[in-house]
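Structural overview
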Amino acid sequence: DYCKKTPLSKPPSTWNPEQTIRMTYTYKVTQGKPQSGLSPAVSLFQKGMDTYQKSVEQAIPIMQSAVDADPKLLIARTYLGAMLNEVKRDQEAAEQYREILKLEPNDEEVKFGLAKTYYTYNDILALKEVVAHIPQSSPHYTEANNLLLQKLSAKTPAQQQQQQAQ
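Examining helix α3 (residues 74-86)
- Compared with an ideal rise of 1.5 Å per residue, which puts 13 residues at 18 Å, α3 spans 18 Å between its outermost C-alpha atoms and is within 8% of the ideal.
- With 13 of its 13 residues buried, α3 lies for the most part within the structure.
- Lys88 sits one or two residues past α3 and shows a positive phi near 65°.

Encoded structure:
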């Protein structure tokens, strides 16, 4: 394992989950391994992260190549999911998060990322399922439940029209 996942910090209270956010990720290569000593997947991951600083659209295929080279390089999958979310390719992002959870079923950060993804593309049943698997002790429990409550209390277009007609 050359890479260590850096935990993301809690979003501000003014955070809107539907707002596009440009994220900067940091990563660490342990013990200063020389570039030539890295696996092809890790080299592609680094190239994807460097490219992401310039263009998320150009970084996605590179990060996908890193995942293809090593499907168990979870940091690459995590960042690929975040990049896909950023460009509104939420169903593809959800697939990356689900693959991570097959290998790391207790990863609360990924569960929360998946919850935000389901929230964005209005899959209320899937959102409810993933929120049910976030433990109450998780720092994401309240936020994930708030996402679910927002979706459950949202009015359908028909309900909105009916209210406007009154």
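Here we look at the nonpolar core
- One finds Phe45, Met63 and Met83 to be the most contacted residues of the largest nonpolar core, which totals 41 residues.
- Ranked by residue count, the leading element in this core is α3, at eight residues.
- Setting aside chain neighbours within four positions, we find Met63 in contact with Phe45, Gly48, Met49, Ala76, Tyr79, Leu80 and Met83.

A short note on the pattern of salt bridges
- Applying the stated rule across the entire model yields three salt bridges.
- In this structure, Arg89 and Glu92 form a salt bridge, with 2.8 Å as the shortest nitrogen-oxygen distance.
- The exposure class assigned to Glu92 is partly exposed, which follows from its relative accessible area of 39%.
- Residues Glu95 and Arg98 are paired through a salt bridge, measuring 3.0 Å at the closest nitrogen-oxygen approach. Taken together, the residues Glu95 and Arg98, both in helix α4 (residues 90-103) and three residues apart, mark about one turn of the helix.
- Accessibility expressed as a relative area gives 34% for Glu95, which makes it partly exposed.
- Accessibility expressed as a relative area gives 30% for Arg98, which makes it partly exposed.

Parameters and conventions
Residues numbered from 1 in each chain as written. Predicted model: local features only at pLDDT ≥ 70, side-chain atom pairs only at ≥ 80, totals over all residues. Heavy atoms only, no water. Helix = DSSP H or I, 4+ residues; strand = E, 2+ residues; numbered from the N terminus. Expected span 1.5 Å × (residues − 1). Buried < 20%, exposed > 50% of the residue type's maximum accessible area, 1.4 Å probe, protein only. Core = buried A, V, L, I, M, F, W, Y, C linked by side-chain atoms within 4.5 Å. Contact = heavy atoms within 4.5 Å. Salt bridge = Lys/Arg side-chain N within 4 Å of Asp/Glu carboxyl O.

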